[in-house]
Amino acid sequence: MKTGHTEASGYGLVSSVERNGRRLILVVNGLQSARARGDESERLLQYGFREFKTITLYQRGDVVTDATVWTGDSDQVSLVAARDFTVSIPRRANKSISMKAVFEQPLPAPLSQGSQAGVLHLSAEDMPETAKLPLLVGSDVERLGAFGRLISAAHYYVVGR
């Protein structure tokens, strides 16, 4: 995209490379020569394509988990991905992927489709940050009437769910 050189900062490069549907963006600076800039850029890009992979875990609208509903006309509701969830991870970290859905349990009715109900946290070995995906309510859940809420509450305290 752009090469540059100044006495103060040396030789630099900003580049964007796409290979097999994966795009890497590279920024290097402070190199001693144009040749070093090219060699180091090539080395880093090769490393990026070789050692990392990009995986799509969920697409927008995919069901991630189900949640129990409190005093709703349905006992459960699906929580869905708010957006496509694609992450780049080190290839060796594939076996260390850990995902945890965090949300209030049970969810209190009423619930509106599309409202945020929680967050999915993804971590893996050598990932500097936890990736997060908002979880949305998959369908409307109406609140039970007064008698239904009374029965539901009694059932919850007797049975525990």
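Anything mentioned here points back to the structure above.
From a predicted model like this one, the values you see are computed outputs, not experimental measurements. Throughout, a residue's number is its position along its own chain's written sequence, starting from 1. Only residues with pLDDT of 70 or above have their local features reported here, since the model is predicted, and side-chain atom pairs are shown and tallied only from 80 upward, although totals for entire chains, interfaces and linings are computed over all residues. In computing side-chain properties, one takes all heavy atoms of the structure into account and sets aside hydrogens as well as water.

Caption draft 1: Seen up close, the environment of Pro-108. Only runs of H or I of at least four residues qualify as helices and only runs of E of at least two qualify as strands under DSSP, and these elements are numbered from the N terminus. By secondary structure assignment, the location of Pro-108 is in strand S9 (residues 107-108). Residues Pro-108 and Gln-59, 49 residues apart in the sequence, show an inter-C-alpha distance of 26 Å.

Caption draft 2: Quick look at the nonpolar core. Nonpolar cores are built from buried Ala, Val, Leu, Ile, Met, Phe, Trp, Tyr and Cys residues. Side-chain atoms within 4.5 Å join them into one set. Burial classes: relative accessible area under 20% of the type maximum marks a residue as buried, over 50% as exposed, and values in between as partly exposed (1.4 Å probe, protein chains only). Formed by 26 residues in total, the largest nonpolar core has its most connected members in Val-77, Leu-79, Phe-85, Leu-107 and Leu-133. Put simply, the parts of the chain that give this core at least two residues each are strand S4 (52-58), strand S5 (63-70), strand S6 (76-81), strand S7 (85-90), strand S10 (116-123) and strand S11 (131-137). Broken down by element, this core gets its largest block of residues, four residues, from S11. Beyond its immediate chain neighbours, meaning those up to four positions away, Leu-79 contacts Asp-62, Val-63, Val-64, Thr-65, Ala-67, Phe-103, Leu-107, Ala-117, Leu-135, Leu-136 and Val-137. If you look at the next biggest cluster of nonpolar residues, it comprises seven residues, including Leu-13, Leu-24, Leu-31 and Phe-49. Only heavy atoms enter the contact rule, under which two residues are in contact if any of them lie within 4.5 Å.

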